[in-house]
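Inside the fold
Read off the chains here:
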There are 2 protein chains.
Amino acid sequence: MKPGPKRSLSEDAIVGAALKLLGERGGDAMSMRSIASEVGVAPNALYTYFPDKAAVLRAVVDRLIGEQSLDVFTDRGVPWRRRVHEVALGLRTRLLDHPGATRLLLGAPMDGPRALAFGERLLDLLTEAGLSEEDAARASYTLIVYLLGSIALEAAELDPTQPAPPEAERVAERRKGFDAVPAEAFPRTAATASVMAAYISTDQYLWGLDRVLDGLTGRRGRS
Amino acid sequence: MKPGPKRSLSEDAIVGAALKLLGERGGDAMSMRSIASEVGVAPNALYTYFPDKAAVLRAVVDRLIGEQSLDVFTDRGVPWRRRVHEVALGLRTRLLDHPGATRLLLGAPMDGPRALAFGERLLDLLTEAGLSEEDAARASYTLIVYLLGSIALEAAELDPTQPAPPEAERVAERRKGFDAVPAEAFPRTAATASVMAAYISTDQYLWGLDRVLDGLTGRRGRS
DNA sequence: CCCAAAGTCTGTACGCTGTACAGAGATCGA
DNA sequence: TCGATCTCTGTACAGCGTACAGACTTTGGG
């Protein structure tokens, strides 16, 4: 065993404190100083556990991904596409619960252990859906890009400080923004303003997901 | 006309200075203080032109989007799918030129004038491809999610301080990272490590794009 | 058993950040 | 010419990430 006093903390405790701050006071509140005071320690003591702040954030991201249960993936009996829907919806609600966190998701590579487990299950599911090994891998990335991209763009419009208003309210808010678009210069944008206002809706999220899945599996989607 | 001395700067000059810093010294160098000193003014003078730093960043993002020429969209004679490819590739190289900027892209809603123009042209193209007005709008968002998501995930692995190494080098670097993955616990991940290493490649980018386009247009993609 | 090595934590400090506030000077319309 | 109004500067504050030195605790080896 190695010398030195016992550690008074753990990486997990630190990530937990960071996550608590994230939920309560938004992403900007996740400072080394406030995390440290949350766990009752001097700020620089955190550097015993993580080399720098970026590492803490990576761990937070991995934990967030881990919050999505992996059971859904392997729930046989349910058709695979429905299982993808469930995972997609689960991931979305889980991440939008922490609006500030989503910025992190696309700002740091996802190479944590939980992200790895998530990817492995996704590969299982896609091969089950009939894809070759290589296609499943490529498809899995395409899927993740779509999911995280959607969630990130949605989170970008949220105030990270507080919980998100209901979807209908947010769509209505967006709709108002489009009233300012000059119809002469941007006719198509103006004409489809209602559709564009609903870009952040669950409906659009699933619509796009289904189109992506159609493309990935080579199935003819719409009639 | 309104009283007060003439402005010594313009919003454009400020955005330009920010962009210069972004390119030369990375995203973290875009501080209000360094932007101000770049244009030769006290830091707080910037608040005459923008309400806060976030507004500056939004303007920077819009300018970056505007760098992508819109001519490609309307270049008839070239089949529409090829035009999408060109725009996609153009956007990617342009944004990856400023690795630090891509974080901003998904961190702020894209509602600037240039983003609007981009969207309008994309709608043109998609209706030309045979989509209904509503489907074109939904498809355009799905497409943007895919493009920006891909670029963001790719940029996440880059050092924002300096220009990106060549693609082959980056793929090789990723490939090494997968050697650490235990094959027993993650068999599929380990088996397709080469494919996954190439997630950030132009090839994968276009592969996914084509699958997404297949799904959006209801075309059977692969044989 | 004791002592050197190694590890954990604290206090302090540096240089940086965004931006609020007060005031100086310039420029306008009346 | 005289307010009113706008632009810019100086100063200041609270907060940030983290480097450094040192106090203290625990360990294995002689």
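Keep in mind that this is a model prediction, so the values were computed, not measured.

Another point: the domain arrangement of chain A. Residues and elements named next belong to chain A. Looking at the assigned domains, one finds that chain A contains domain 1 (8-51) and domain 2 (52-218). Once you take the C-alpha centre of each, domain 1 and domain 2 turn out to be 27 Å apart. Counting residues per element, the side of domain 1 that touches domain 2 draws most heavily on helix α1 (residues 11-25), which supplies eight residues. Of the residues belonging to the side of domain 1 that touches domain 2, the class tally is eight nonpolar, three polar and three charged.

Now for the protein's contact with DNA strand C. Not every one of the 25 residues close to DNA strand C is listed here, only the nearest: A:Gly4, A:Ser8, A:Ala42, B:Ser31 and B:Met32. Considering every element that reaches the surface near DNA strand C, the biggest residue donor is helix α2 (residues 32-39) of chain B, with three residues. Each residue belonging to the surface near DNA strand C can be placed in one class, and the counts come to eleven nonpolar, eight polar and six charged.

Taken together, the neighbourhood of DNA strand D is formed by 25 residues, with A:Ser31, A:Met32, B:Gly4, B:Ser8 and B:Ala42 sitting nearest. Looking at which element gives the most residues to the surface near DNA strand D, the answer is helix α2 (residues 32-39) of chain A, with three residues.

You can overlay chain B on chain A at an RMSD of 0.1 Å; the transform is a turn of 180 degrees with a shift of 0.0 Å along its axis. Taken together, the turn and the small shift mark the pair as related by a two-fold rotation axis. Across chain B, the smallest distance between a C-alpha and the rotation axis is recorded for B:Gly215, namely 1.9 Å. A symmetric contact is evident, with 100% of the interface residues of chain B recurring at the interface of chain A.

Turning next to the interface of chain B and chain A. Residue-level contacts link 49 residues of chain B with 49 residues of chain A. Breaking the side of chain B that touches chain A down by element, the ones donating at least two residues are α6 (113-128), α7 (133-155), α9 (187-191), α10 (193-197) and α11 (202-217) of chain B. With 13 residues, α7(B) is the largest single contributor of residues to the side of chain B that touches chain A. Classifying every residue of the side of chain B that touches chain A by side-chain character gives 23 nonpolar, 13 polar and 13 charged.

Once that is clear, we can look at the packing of helix α7 (residues 133-155) of chain A against helix α11 (residues 202-217) of chain A. All names here are of chain A. Look at α7 against α11: their axes get within 11 Å of each other, and the N-to-C directions meet at 165 degrees. Accordingly, the angle class assigned to the pair α7 and α11 is roughly antiparallel. By crossing handedness, the relation of α7 to α11 is classed as right-handed. On α11, the residues touching Ala139, Thr142, Leu143, Tyr146 and Ser150 of α7 are Tyr205, Gly208, Leu209, Val212 and Leu216. Split by residue class, the contact of α7 with α11 holds seven nonpolar, three polar and no charged.

Rules of the game
Residues numbered from 1 in each chain as written. Chains lettered and ligands numbered in written order. Predicted model: local features only at pLDDT ≥ 70, side-chain atom pairs only at ≥ 80, totals over all residues. Domains from an automatic or database assignment. Helix = DSSP H or I, 4+ residues; strand = E, 2+ residues; numbered from the N terminus. Nonpolar A, V, L, I, M, F, W, Y, C, P; charged D, E, K, R; others polar. Near = placed C-beta within 6 Å. Least-squares fit on C-alpha atoms with pLDDT ≥ 70 in both. Contact = placed C-beta atoms within 7 Å. Axes fitted to C-alpha atoms, helices over the stretch in contact; angles between N-to-C directions. Parallel < 35°, antiparallel > 145°, perpendicular 65-115°, else oblique. Left-handed = near helix turned anticlockwise from the far one by under 90°.

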